[in-house]
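Chain and residue survey
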Amino acid sequence: MRGRSDGSQKKRLITSVCLVALFLGFIYFYYGSIFGSQSRGAAALEYGSKSLRKLGSSYLGGGDESDGKPDDSTKFGQEDGEEYTVPKSFPVCDDRHSELIPCLDRNLIYQMRLKLDLSVMEHYERHCPPPERRYNCLIPPPSGYKIPIKWPKSRDEVWKANIPHTHLAHEKSDQNWMVVKGDKIAFPGGGTHFHYGADKYIASIANMLNFSKNNLNNEGRLRTVLDVGCGVASFGAYLLSSNIIAMSLAPNDVHQNQIQFALERGIPAYLGVLGTKRLPYPSRSFELAHCSRCRIDWLQRDGILLLELDRLLRPGGYFAYSSPEAYAQDEDDLRIWRKMSALVGRMCWKIAAKRNQTVIWQKPLTNDCYMEREPGTQPPLCRSDDDPDAVWGVRMEACITPYSDHDQRVKGSGLAPWPARLTTPPPRLADFGYSSEMFEKDTERWRHRVENYWNLLSPKTQSDTLRNLMDMKANLGSFAAALKDKDVWVMNVVPKDGPNTLKVIYDRGLIGSVHNWCEAFSTYPRTYDLLHAWTVFSDIEKKGCSAEDLLIEMDRILRPTGFIIIRDKQSVVDFIKKYLVALHWEAVATADPSSETDQDGDDVVFVIQKKLWLTSESVRDTE
């Protein structure tokens, strides 16, 4: 009897423990789900959470629960009440992801155990997460985030809370890169080789080249510049007053946040590296390439990185190089200088000027020098079937890109000086079968459209509200051209699988990048004030990509209080409206372009503004 009693007591005890455990588990999951949705720390900690990834599993037709077919949940025009339910809110990413760049995230590289060659900078190139590892959470601003200081004041100072990184100020304290001043970070305009200011350094380069009035724009003939290893982009910042626009380029390397500082300042910039793949710019895009102590081994792999600059330079373009190899007298620097001089000599570059710490080489105007080289001279000319304008995911090759028949004939690019080149039909229009009349009509059409956009935005903006703009599908760049008289700059994005009109955009004196909108853009969060999306959503629908993921990516790129202009079919606008609450966006205006004389079928214009949402602590610190 005692044995049976003990056994029954044990059973009752076990049953009671189980019931208590179930009850506690219920309490934990119930209240955990409530508080977890409000807590930014628990929303999205790791890649690959199935519950978080379900929304965008249709991305590229894949996902952890996908059969490889496009998911109907992202089809525009889907009626309410069908299988897919629009979320009332998105989770907020963990605080540690406040600066997440999905395709340049080293944590992803470690997690996926990618075998990359660090010696050639492969780990700084784009490596995007596969569909099942993509986030679908909103990137939070850092604690204390403030609306950015407006241009032109932002050139010289930014809020420290917006980019809470001061290690560069200490590391480069003797070079005047940046200085911490209370709640701001100031930029005196210095650099490794221009301690006394970028403006004086720029004037000295112009003087070396004997340009009129020491103005580097050379009466409008020098307009586009590539600044490699740009630091915090003070070189590009001070070029703007000379009507020169620079693409300031640096990787997300040990000097983290360089490009983030540049964009926060309102300076054109892009995250990229000279590694194994071509930079996302077409051939003959820049009049000047610049490297001030950019610490690049130009001799590696048969000079492949220098040959990539050669591809990007226009006929007669310059490479300004400020580095110890150009002036130091120790044996190691002299050895590098001799080898580099021999290499550029075989590339037919000539020294245009050499003074103090800087040498400036000039690229030839024609193919004549290439044809006169001895047979077998290295580097060779690129194959005749090589397309120098194919850049997305294309590996660099150690070869010289010869000029087109047109460039050879005119002994140069044949471009008008700035600002006339903005509206003058460029020669490379013919590559797409476009006539001058088509170009002029496109320019005029977008001039009217941008006027209408500004009228729609006017109740919400002032003259200094907008600075960093992106045209997500730039075509010929006429959206940016229409903004010439505004104090803004535009990143013109051309889809990687459409007509590569980016070379026309550069020929107009504008800048931009090739990109695939099925992936994240190479920029930090909160770096653009306005995104213009002309039929971008209709395009990705045709590719089977996730419109939801694109919305989240646009939110990542956009600054709080920034704007989005959607120009697309009505079903796209209706689809996006369903997500406004979840994204913390609000509708500003809707317009029917039927009133425009140049209407595009059933396109509708929809203007959105991103709200500023912060933690309570950040709200107290905000102005």
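Residues numbered from 1 in each chain as written. Predicted model: local features only at pLDDT ≥ 70, side-chain atom pairs only at ≥ 80, totals over all residues. Heavy atoms only, no water.

As named in an unreviewed UniProt entry, the protein chain is Methyltransferase, taken from Manihot esculenta. In UniProt, the protein chain has this text filed under Sequence similarities (unreviewed entry): "Belongs to the methyltransferase superfamily." (UniProt positions renumbered as here; feature names shortened; annotations may be inferred.)

**Focus on the sheet that holds strand β10 (residues 358–362)**
Sheet architecture is open: seven strands sit in the order β6-β5-β4-β7-β8-β10-β9, paired in mixed fashion. Each edge of the open sheet carries a strand with a single partner, namely β6 (269–271) and β9 (350–355). Averaged over all pairs of adjacent strands, the angle between their axes in this sheet comes to 20°, without regard to strand direction. Examined bridge by bridge, strand β4 (residues 224–228) and strand β7 (residues 286–292) share three bridges and lie parallel to one another. Residue Asp227 lies in a different strand from β7, and its bridge partner there is His290. Helix α5 (residues 198–208) rests against β7, β8 (313–322), β9 and β10 of the sheet, and its axis sits at about 130° to β9. Each of β4, β7 and β8 touches helix α8 (residues 300–312); the most contacted strand, β8, lies at about 135° to it. (Pairing = 2+ DSSP bridges. Helix = DSSP H or I, 4+ residues; strand = E, 2+ residues; numbered from the N terminus. Axes fitted to C-alpha atoms, helices over the stretch in contact; angles between N-to-C directions. Contact = heavy atoms within 4.5 Å.)

**Description of the sheet that holds strand β1 (residues 157–159)**
Strand pairing in a sheet is mediated by backbone hydrogen bonds. Such pairs are either parallel or antiparallel. Taken together, three strands build an open sheet; the order of strands is β1-β3-β2 and the sheet is antiparallel. Two strands bound the open sheet, and with one partner strand each, they are β1 and β2 (179–181). Each strand of the sheet is rotated relative to its neighbour by a mean of 30°, with strand direction disregarded. Here β2 runs beside strand β3 (residues 184–186); their pairing, made up of three bridges, is antiparallel. Within the sheet, the bridge partner assigned to Lys181 lies in β3 and is Lys184.

**A word on the state of the cysteines**
With the rule as written, the count across this model stands at six disulfides. Covalently, Cys291 is tied to Cys294 through a disulfide, its sulfur atoms 1.9 Å apart. Looking down the S-S bond of the Cys291 and Cys294 bridge, the torsion is -90°, so its handedness is left-handed. Given the relative accessible area of 1%, Cys291 is considered buried. For Cys294, a relative accessible area of 11% corresponds to the buried category. Residue Cys348 pairs covalently with Cys369 via a disulfide, S to S 2.1 Å. (Disulfide = S-S within 2.5 Å. Buried < 20%, exposed > 50% of the residue type's maximum accessible area, 1.4 Å probe, protein only.)

**What about the packing of α8 against helix α9 (residues 331–346)?**
Contact geometry of α8 with α9 gives a least axis separation of 11 Å together with a crossing angle of 60°. Our classification of the angle between α8 and α9 gives oblique. Once α8 is placed against α9, the crossing between them reads as right-handed. Contacts between α8 and α9 involve Asp302, Gly303 and Leu306 from the former and Met340, Leu343 and Val344 from the latter. (Parallel < 35°, antiparallel > 145°, perpendicular 65-115°, else oblique. Left-handed = near helix turned anticlockwise from the far one by under 90°.)

**So, the pairing of β7**
Among the seven residues of β7, seven are classified as buried, and the element is accordingly described as predominantly covered. What joins β7 to β8 is α8, and the crossover it makes is right-handed. (Right-handed = clockwise from strand over helix to strand, strands pointing away.)

**Side note on the pairing of strand β13 (residues 511–515)**
Counting buried residues along β13, five of its five residues qualify, which places the element largely inside the surrounding structure. With respect to chirality, the unit in which strand β12 (residues 489–495) leads through helix α14 (residues 502–507) into the neighbouring parallel β13 is right-handed.

**Observations concerning the pattern of salt bridges**
Two side chains of opposite charge can pair, provided their charged atoms sit close to one another. Enumeration over the complete set of coordinates arrives at 32 salt bridges. When the shortest N-O distance is used, the salt bridge between Glu157 and Lys153 registers 3.6 Å. The buried category is assigned to Glu157, whose relative accessible area is 17%. Arg556 is the partner of Glu553 in a salt bridge, and the nearest nitrogen-oxygen pair spans 2.8 Å. Of this pair, Glu553 and Arg556 both sit in helix α16 (residues 547–557), three residues apart, roughly one helical turn. Of the two residues, Glu553 and Arg556, neither departs from the other in class, the shared state being buried. (Salt bridge = Lys/Arg side-chain N within 4 Å of Asp/Glu carboxyl O.)

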